[in-house]
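# A structural walkthrough
Here's the letter readout for the chains.
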Amino acid sequence: LCGLGVLFCGISLILSGFDFFKATSPIEYKEENMSYDASLFEKIQLTAQEQKITIRPSDDGRVHITYWESENDLYTVNTENGVLDFRHETKKKWLNGLLYGWFSGLSRQATQGIQVSLPADYTGELSAFDSNASLDIDGFSRLSGCHLTTSNGSVRANNVTAGEWT
């Protein structure tokens, strides 16, 4: 009877598209970096799923974004009309996500997240939304607006001044 239950579960997993070999092999990450002239943007929008977003001042007056790419992540960047729109979505299937979730604390992605650097004197608007992870910003005194939202994580803002807060 137990053997029949195991067989039934195995068939269910196969039919749902679960890939046992992907779930048991380590996730490979590749560090990606992008850099922009900050004067091109009046607004910077950051959106992520299950990725901590850390925002700090840059040393060279440019916008820098560093993130870790894998087959389970989809990143899109749009730079139109004075807006830098950076988006991350996870492509994990529900069961793979559950299995990866057990070990995600050990992965580089979970510990590094998305790191953003902006000029400390950036005067534009900053908007960041994170799903199931935290937002951490420090060291900005001239933002026209700062909008920080997370669905299930902490928001930490130190030494940040903005004309409008939400």
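Above this text sits the structure in question.
Described below are features of the structure shown in this document. Please read these numbers as outputs of a predicted model, since none were measured by experiment.

Now for the pairing of strand β6 (residues 83-90). Across 5 bridges, the pairing between strand β2 (residues 43-49) and β6 is parallel. Within β6, the residue paired with Thr 47 across the bridge is Arg 87.

This paragraph deals with the environment of Asp 60. Within the secondary structure, Asp 60 sits in the loop between β3 (53-57) and β4 (62-69). Within the structure, Asp 60 has its side chain in polar contact with the backbone nitrogen of Arg 62 (distance 3.1 Å).

Attention now goes to the sheet that holds β6. Taken in spatial order, the 5 strands of this open sheet run β5-β6-β2-β8-β10, and their pairing is mixed. With one partner strand each, in any of the chains shown, β5 (73-80) and β10 (145-150) form the two edges of the open sheet. The average angle at which neighbouring strand axes cross in this sheet is 5°, direction not considered. Examined bridge by bridge, strand β8 (residues 125-131) and β10 share 6 bridges and lie parallel to one another. If you follow Ala 128 over to β10, its bridge partner there is Leu 148.

Pairing analysis gives 8 bridges linking strand β1 (residues 30-37) to β4, with the strands arranged antiparallel. Its bridge partner being in β4, Met 34 is matched across the sheet by Ile 65. Two elements, β4 and strand β7 (residues 114-118), share 3 bridges in a ladder whose sense is antiparallel. Paired with Thr 66 across the bridge in β7 is Gln 115.

Rules and cut-offs
Counting of residues starts from 1 at the beginning of each chain's written sequence and follows it residue by residue. Since the coordinates come from a predicted model, pLDDT governs what is reported: local features require at least 70, and pairs of side-chain atoms require 80 or more to be given and counted, while whole-chain, interface and lining totals use all residues. Think of the side-chain values as coming from all heavy atoms in the structure, minus any hydrogens and water. Here a strand pair is declared whenever DSSP counts at least two bridges between the two strands. Under the DSSP-based scheme used, a helix requires at least four consecutive residues in state H or I and a strand at least two consecutive residues in state E, with every element numbered from the N terminus. For this analysis, a polar contact is any N or O atom pair within 3.5 Å, provided that within protein one partner can donate a hydrogen and the other can accept it, and provided that sequence-adjacent residues contribute only side-chain to side-chain pairs. With axes taken as lines fitted to C-alpha atoms, and helix axes fitted only over the stretch in contact, angles between N-to-C directions fall between 0 and 180 degrees.

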